[in-house]
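This is what each chain is made of:
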Amino acid sequence: QDGTEMTLELGGDVPTTSYSYFRWSGDDGVYMCDSGLTDALLTTATRLLPVEQPALSKDLIDQVTLSRADGETAVLLSNDGDGHYTGLLVEPYQYPVDPEQAEALLTALSSFRLGTREAEANAETRAQYGLDDPELTLWLHQAAGTVGQVDENGQLAAEGEFFYTCEYAGSCYLVSRFLLETLLAATPDTLVARQPADLGGAALSDILIESPLGDVHVTAHYTERVLPNNDIETDAEGNTVYDTAVTLNGEEADAELLTTLTTRLNALTASGDLPDGWTVPEDEAPRWRIVLTTVGGTTREIAAYRLDAFSDALAVDGVAIHYVHEEAIDLILADLLD
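Rules and cut-offs
- Residues numbered from 1 in each chain as written.
- Predicted model: local features only at pLDDT ≥ 70, side-chain atom pairs only at ≥ 80, totals over all residues.
- Heavy atoms only, no water.
- Helix = DSSP H or I, 4+ residues; strand = E, 2+ residues; numbered from the N terminus.
- Buried < 20%, exposed > 50% of the residue type's maximum accessible area, 1.4 Å probe, protein only.
- Contact = heavy atoms within 4.5 Å.
- Areas by Shrake-Rupley, 256 points an atom, 1.4 Å probe, with all protein chains shown as cover.
- Lys, Arg positive; Asp, Glu negative; His and termini not counted.
- Charge placed at Lys NZ, Arg CZ, Asp CG, Glu CD.
- Salt bridge = Lys/Arg side-chain N within 4 Å of Asp/Glu carboxyl O.
- Axes fitted to C-alpha atoms, helices over the stretch in contact; angles between N-to-C directions.
- Left-handed = near helix turned anticlockwise from the far one by under 90°.
- Nonpolar A, V, L, I, M, F, W, Y, C, P; charged D, E, K, R; others polar.
- Phe/Tyr/Trp six-rings, centres within 6.5 Å; stacked < 30°, edge-to-face > 60°.
- Arc of directions from axis to C-beta.
- Core = buried A, V, L, I, M, F, W, Y, C linked by side-chain atoms within 4.5 Å.
- Pairing = 2+ DSSP bridges.
- Expected span 1.5 Å × (residues − 1).
- Polar contact = N/O pair within 3.5 Å; in protein donor to acceptor, adjacent residues only side chain to side chain.

Asker: Explain the overall build of the chain here, please?
Answerer: Each helix and strand in the chain was counted, giving eight helices and 20 strands. Reported as C-alpha extents along the three principal axes, the dimensions of the chain are approximately 90 × 60 × 40 Å. Per-residue burial for the chain yields a buried fraction of 33% across its 338 residues. In the chain, of all internal contacts separated by at least 6 residues, the share reaching a separation of at least 24 is 58%. For the chain, the computed accessible surface area is about 19600 Å², with 49% contributed by carbon and sulfur atoms. Both charge centroids of the chain, one from 15 positive and one from 60 negative side chains, sit 3 Å from each other.

Laid out in structure tokens, this is it:
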């Protein structure tokens, strides 16, 4: 207001730091400022424009297909409404998805944000941005439903090694590569469950185990705990508290049995991949078998066939990819048949 003028000169980044060089007209020295200031002052008009984001909900996404030059990876996704997410790989083969990988996929998709709108997508700009031969093409489907959403501007990504270009709805955008790492790394090998009896924390209502040591059949019935004022009891995190009635081979059992058995089942981990070309023998009964049913009705069957003297091949819902050491079933049953 008093007519004073000042000139600020921005320089390059200070090596091995998060600072940039700068000078100003009131002093002959060279100083350092946080690079965030440099990023802000070097923002282009294009980056200031608002970007309409695709409305992606973690709870509604139910189908995802990731297409690369070497083939497609297709996954069906679902949730039980209590925060437990499950996935089923359907292309290139059908197999349960590791629960953590399923949730990571959904989190990556629901966190997806377009950055700067660079140009209209046409033949010339697609070639310019590498979209005529993309590393990854993402197709997804969302179930019908309503979710709350907070409006946001596109997330800005520094040019260079920190961004990808992306085509969406007829325009080319910059997109932070950190948001896409989970999707780019998602292949059948990384997605398939290596702990096939782990159903992502979903409550089990029925467990059937058939083994050379004997059979185990556990059932569980959950009842909401009601307080004296008729309110439903919840824990510190707001989750409903249940009383659990458990049976073992038709006899009443302690609820701790269910916890112990579930923990052991979750720990069942593939020891390695089956040899190429190995298939489930059509005329051979499994050496042992596990059938799990969740409260929501999801079922999973794990059957083990003798692979060699030390290991069993696992067929999960009929598809065999991994093997486990032969004592795996013994560790699960342990003292349950005493």
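Asker: Before we go on, may I ask you to explain the pattern of salt bridges in this structure?
Answerer: One side chain can pair with another of opposite charge once the charged atoms of both are near each other. Scanning the entire structure with this criterion turns up 12 salt bridges. Here Arg23 ties to Glu9 by a salt bridge, and the two come within 3.9 Å at their closest N and O atoms. Placement of Arg23 in strand β2 (residues 19-24) and of Glu9 in strand β1 (residues 8-13) is noted, with a sequence separation of 14 residues between them. Looking at Glu9, the relative accessible area reads 43%, which means it is partly exposed.

Asker: Would you mind showing me how to read the packing of helix α3 (residues 99-110) against helix α5 (residues 177-184) here?
Answerer: If you want to describe how two helices pack, look at the angle between their axes and the distance between the axes. Interaxial distance between α3 and α5 falls to 9 Å at its minimum, and their mutual angle equals 145 degrees. Between α3 and α5 the crossing geometry is left-handed. Residues Ala104, Leu105, Ala108 and Leu109 of α3 form the contact with α5, whose participating residues are Leu179, Thr182 and Leu183. For the contact of α3 with α5, the residue count by class is six nonpolar, one polar and no charged.

Asker: What should I look at first to understand the packing of aromatic side chains in this one?
Answerer: How two aromatic rings sit relative to each other is given by the distance of their centres and the angle of their planes. In total, this model carries two aromatic pairs according to the counting rule given. Where Tyr222 meets Tyr242, the ring centres are 6.4 Å apart and the plane angle is 85 degrees; that geometry is what we call edge-to-face. With Tyr222 in strand β13 (residues 214-224) and Tyr242 in strand β14 (residues 242-248), the pair connects residues that are 20 residues apart, well separated along the chain. Judged by relative accessible area, which is 25%, Tyr222 ranks as partly exposed. Owing to a relative accessible area of 38%, Tyr242 belongs among the partly exposed residues under this scheme.

Asker: Mind showing me how you'd approach α5 here?
Answerer: Structural remark: α-helix, 3.6 residues per turn; residues separated by three or four positions point the same way. Within α5, the full set of buried residues consists of Leu179, Leu180 and Leu183. The buried residues of α5 occupy one face: seen down the axis, they fall within an arc of 80 degrees.

Asker: For this particular structure, what's the right way to read the nonpolar core?
Answerer: Nonpolar side chains in soluble globular proteins tend to end up buried together. Counting 30 residues, the largest nonpolar core has Ile61, Leu77, Phe112, Leu114, Leu183 and Leu191 as the members making the most contacts within it. Going through the elements one at a time, β4 (61-68), β5 (71-79), β6 (85-91), β7 (95-97), α3, β10 (163-168), β11 (171-176) and α5 are the ones with two or more residues in this core. The element best represented in this core is α3, accounting for five residues. By size, the runner-up hydrophobic cluster in this structure holds 26 residues, among which are Ala197, Ile207, Val218 and Val324.

Asker: Just checking my understanding: could you explain the sheet that holds β7 for this structure?
Answerer: Strands pair in a sheet through their backbones, by hydrogen bonds, and they do so in one of two ways: parallel or antiparallel. The strand order across the open sheet formed by five strands is β7-β6-β5-β4-β9, and the pairing between neighbours is antiparallel. Each of the sheet's edge strands pairs with one partner strand only, and the pair in question is β7 and β9 (137-142). Neighbour-to-neighbour, the strand axes of this sheet turn through a mean angle of 25 degrees, independent of strand direction. In this sheet, β9 lies alongside β4 in antiparallel orientation, the contact comprising six bridges. Counted as the bridge partner of Leu66 is Leu138 from β9. Taken strand by strand, α3 contacts β4, β5, β6, β7 and β9, and its axis lies near 90 degrees from that of β6.

Asker: Explain the sheet that holds strand β15 (residues 251-253) here, please?
Answerer: As summarised here, the arrangement of the nine strands in space is β15-β14-β13-β12-β17-β18-β19-β20-β16, forming an open sheet in which the pairing is antiparallel. The strands lining the two open edges of the sheet, one partner per strand, are β15 and β16 (272-273). Pairing of β13 with β14 involves seven bridges; the strand directions are antiparallel. For Thr219, the partnering residue across the bridge sits in β14 and is Thr247. In the packing of helix α7 (residues 255-266) onto the sheet, the strands contacted are β12 (204-211), β13, β14, β15 and β17 (288-294), and the crossing angle to β14 comes to about 80 degrees.

Asker: Teacher, can you tell me more about α3 here?
Answerer: The first and last C-alpha atoms of α3 sit 17 Å apart over 12 residues, in line with the 16 Å expected at 1.5 Å per residue. Those residues of α3 that fall on the buried side of the exposure criterion are Pro99, Ala102, Leu105, Leu106, Ala108, Leu109 and Ser110. In this structure Asp98 caps α3, since a side-chain oxygen of it lies 2.9 Å from the backbone nitrogen of Glu100.

Asker: What exactly am I supposed to notice about the environment of Leu41 here?
Answerer: On the secondary structure map, Leu41 appears in helix α1 (residues 35-41). Ignoring anything within four residues of it in the chain, the contact list for Leu41 reads Leu8 and Leu10.

Asker: Where do I start with the pairing of β14 in this structure?
Answerer: Along any regular strand the residues' side chains alternate between the sheet's two faces. Taken together, the three bridges between β14 and β15 define a ladder with antiparallel strand orientation. Each bridged residue has a counterpart across the sheet, and for Thr247 the counterpart in β15 is Glu252. Connecting the antiparallel pair β14 and β15 is a turn made up of two residues, with Asn249 showing a positive phi of about 50 degrees.

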